Structure formats: structure tokens, C-alpha cells
Amino acid sequence: DGGITQSPKYLFRKEGQNVTLSCEQNLNHDAMYWYRQDPGQGLRLIYYSQIVNDFQKGDIAEGYSVSREKKESFPLTVTSAQKNPTAFYLCASSILDRGGQPQHFGDGTRLSIL
Amino acid sequence: QKEVEQDPGPLSVPEGAIVSLNCTYSNSAFQYFMWYRQYSRKGPELLMYTYSSGNKEDGRFTAQVDKSSKYISLFIRDSQPSDSATYLCASQKNTGNQFYFGTGTSLTVIP
């Protein structure tokens, strides 16, 4: 069954702690994305990657970091520099094309502050 | 101005009603349009995907794009309680893979 797996489903962060959210896909998609979803604000792009070992900042990259060492994996680290990390985090992937390939999403990780 | 605007609702309808969900966009470079359904505590699920202007039908769902007015619509016929969710519209340019999302409309279908 092809899809995107995000783990954990729920995550708690202490003050000053870095936490890493996992995203794995077996769709053989080239492009992967991280979004943050807050009530009333829709999806905001944090980072995206179109190829292994390369990634670009999105609209709200401050306080976050990513890596893309394998095509199927795109973990997101929420650093202690992110002062308001409580949100629902969504990972997505898509075929890389000139245009016209929709994104597919995982089921998200809900991050809260202890 | 946001690239894609969507009325957040909430929208509440009786079972069996026809639902109309709408978005507007500002960038004439957008060529691809999507509708996603998101249940509570879940990721968005792709419902409809269209290119340029016109209609696309899939069962009870019809997606409509009017590029002249920059208007995107999703119609749900014979709405069911299981349609209760947040619906997100999204747009994409012809080149590149950046997507632009609306804020979502919350729909409740009352049995």
C-alpha cells in the first residue's frame, strides 16, 4: 500500500528541546514538503525538497531544519529557536514535473509544548 | 492579499442538500486546481484535480473552474453526514511545484 507515513502522531516538547518529526514515503515521489497548520491560517510551507541532498526554505522556515539524505525520507527538526511550535505538522509529496501533479499528504503530527 | 482566498464558514446543511464551496485566486498564472477533504486530526485527502477552466465530475462531487473570474467551486450533491469535514482548495502554476492553499471551509452535514 503506497503512501506517506508520519510519526509520531503526537509529540510533546519541553522548553529548550529540539524534536524531530519523521516523514517517509513509498510513492517514489521526487518532491517532498513540510507544512504547518494552525486554526484559521490554513497550510503554511516550512521547507520543501525536490531532490536528495537539496532543499529550499518556504514561507516560515525560521526555527526549523530539514534533511533529505534519502529520496523516501524528509525529517523535520523543530528547534528551540521556534518559540511557538504548537501546531499540526503535515508532510506531503508529489511527482516532480513542469506542473500539474497534485500533492499527497500524510496524517500529520500534532506537536505540543509541555 | 493572499494568493487563494476561501470563506472559512462554518457551513451547516441538512442531509441530502447540495453544497457549494468556493474559492477565489489572484494569480492568473495558476493552471491546476485541487480540492482536498480533511477530517479532524487527519491529513488532507485529494478529492478533485482539474486543469484550466471547465467542469470535472466524480460521483457526487463536481469541481468547476472559471479562469475569467478566477473562481473555483466544489459542488457536493446529496450530501451525507460522512461529508462533514474541512475542505481545502489549492492552486498550482504551470511550472514548478509550489502549491497555494486556501484556509479551508468547515462543513457539517446534519442527519
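Here, every reference points to the structure presented above.
So, here's what we can say about the structure. As the structure is a prediction and not an experimental result, all values here were calculated from the model. (Residues numbered from 1 in each chain as written. Chains lettered and ligands numbered in written order. Predicted model: local features only at pLDDT ≥ 70, side-chain atom pairs only at ≥ 80, totals over all residues. Heavy atoms only, no water.)

The helix and strand tally for chain A stands at zero helices and 11 strands. Put simply, chain A runs from its N terminus to its C terminus through helices and strands in the order β-β-β-β-β-β-β-β-β-β-β. In terms of C-alpha radius of gyration, chain A reaches 13 Å, essentially the compact-globule figure of 13 Å for 114 residues. Dimensions along the principal axes, computed over C-alpha positions, put chain A at roughly 40 × 30 × 30 Å. Across the 114 residues of chain A, 48% fall into the buried class. Long-range contacts, defined as pairs at least 24 residues apart, comprise 52% of the intrachain contacts of chain A with a sequence gap of at least 6. When the accessible surface of chain A is totalled, it reaches about 5,600 Å², and 46% of it is carbon and sulfur. For chain A, the distance from the average site of its 12 positive side-chain charges to the average site of its 12 negative ones is 6 Å. (Helix = DSSP H or I, 4+ residues; strand = E, 2+ residues; numbered from the N terminus. Rg over C-alpha atoms; globule rule 2.2 N^0.38 Å. Buried < 20%, exposed > 50% of the residue type's maximum accessible area, 1.4 Å probe, protein only. Contact = heavy atoms within 4.5 Å. Areas by Shrake-Rupley, 256 points an atom, 1.4 Å probe, with all protein chains shown as cover. Lys, Arg positive; Asp, Glu negative; His and termini not counted. Charge placed at Lys NZ, Arg CZ, Asp CG, Glu CD.)

Once that is clear, we can look at the sheet that holds strand β1 (residues 4-6) of chain B. Strands in a sheet are paired, the pairing made by backbone hydrogen bonds, and the direction either parallel or antiparallel. All names here are of chain B. Here five strands make up an open sheet; going across it, the order is β1-β3-β8-β7-β6 and the pairing antiparallel. Two strands in the sheet have a free side with no partner beyond their single neighbour: β1 and β6 (54-58). Pairs of neighbouring strands in the sheet enclose a mean axial angle of 20 degrees, with direction left out of account. (Pairing = 2+ DSSP bridges. Axes fitted to C-alpha atoms, helices over the stretch in contact; angles between N-to-C directions.)

Residue and element names in this part refer to chain B. Judged by which residues are buried, strand β3 (residues 19-25) turns out to be one-sided: Val19, Leu21, Cys23 and Tyr25 face inward and are buried, whereas Ser20, Asn22 and Thr24, on the alternate face, are not. Looking at chain direction, β1 and β3 are connected through three bridges and run antiparallel. Bridging across to β3, glutamate 5 finds its partner in threonine 24. In this sheet, strand β8 (residues 71-76) lies alongside β3 in antiparallel orientation, the contact comprising six bridges. Residue pairing for β8: valine 19 is matched across the bridge by isoleucine 76.

Another aspect to go through is the interface of chain B and chain A. At the interface, 23 residues of chain B touch 28 residues of chain A. Across the interface of chain B and chain A, roughly 1,800 Å² is buried in total on both sides, 51% from carbon and sulfur atoms. Counting across the chain B and chain A interface gives one salt bridge. Of the charged contacts in the structure, one is a salt bridge between aspartate 107 of chain A and lysine 42 of chain B, with a shortest N-O distance of 3.5 Å. Inspection of the region where chain B meets chain A yields five residue pairs in polar contact (both at pLDDT 80 or more). In terms of residue count, strand β4 (residues 30-38) of chain B provides more of the side of chain B that touches chain A than any other element does, four residues in total. Split by residue class, the side of chain B that touches chain A holds nine nonpolar, 10 polar and four charged. (Buried area = accessible area lost by both parts, 1.4 Å probe. Salt bridge = Lys/Arg side-chain N within 4 Å of Asp/Glu carboxyl O. Polar contact = N/O pair within 3.5 Å; in protein donor to acceptor, adjacent residues only side chain to side chain. Nonpolar A, V, L, I, M, F, W, Y, C, P; charged D, E, K, R; others polar.)

Another aspect to go through is the sheet that holds strand β1 (residues 4-7) of chain A. Residue and element names in this part refer to chain A. Strand order in the open sheet formed by four strands is β1-β3-β8-β7, with antiparallel pairing between adjacent strands. Two strands close off the open sheet at either side, each with one partner strand: β1 and β7 (64-66). Mean inter-strand twist for the sheet, computed between neighbouring axes without regard to direction, equals 20 degrees. Pairing of β7 with strand β8 (residues 76-78), which is carried by three bridges, proceeds in the antiparallel orientation. Along β8, the bridge assignment pairs valine 66 with leucine 76.

Following the criterion strictly, the structure yields seven salt bridges over all chains and no others. The residue arginine 44 of chain A makes a salt bridge to aspartate 38 of chain A at a minimum N-O spacing of 2.8 Å. On the basis of relative accessible area, arginine 44 of chain A is assigned to the partly exposed category, the value being 25%. Glutamate 45 of chain B serves as the salt-bridge partner of arginine 37 of chain B, at 3.1 Å between the closest nitrogen and oxygen. Overall, the relative accessible area of 36% leaves glutamate 45 of chain B in the partly exposed class. The network of salt bridges with common partners includes Arg36, Asp38 and Arg44 of chain A.

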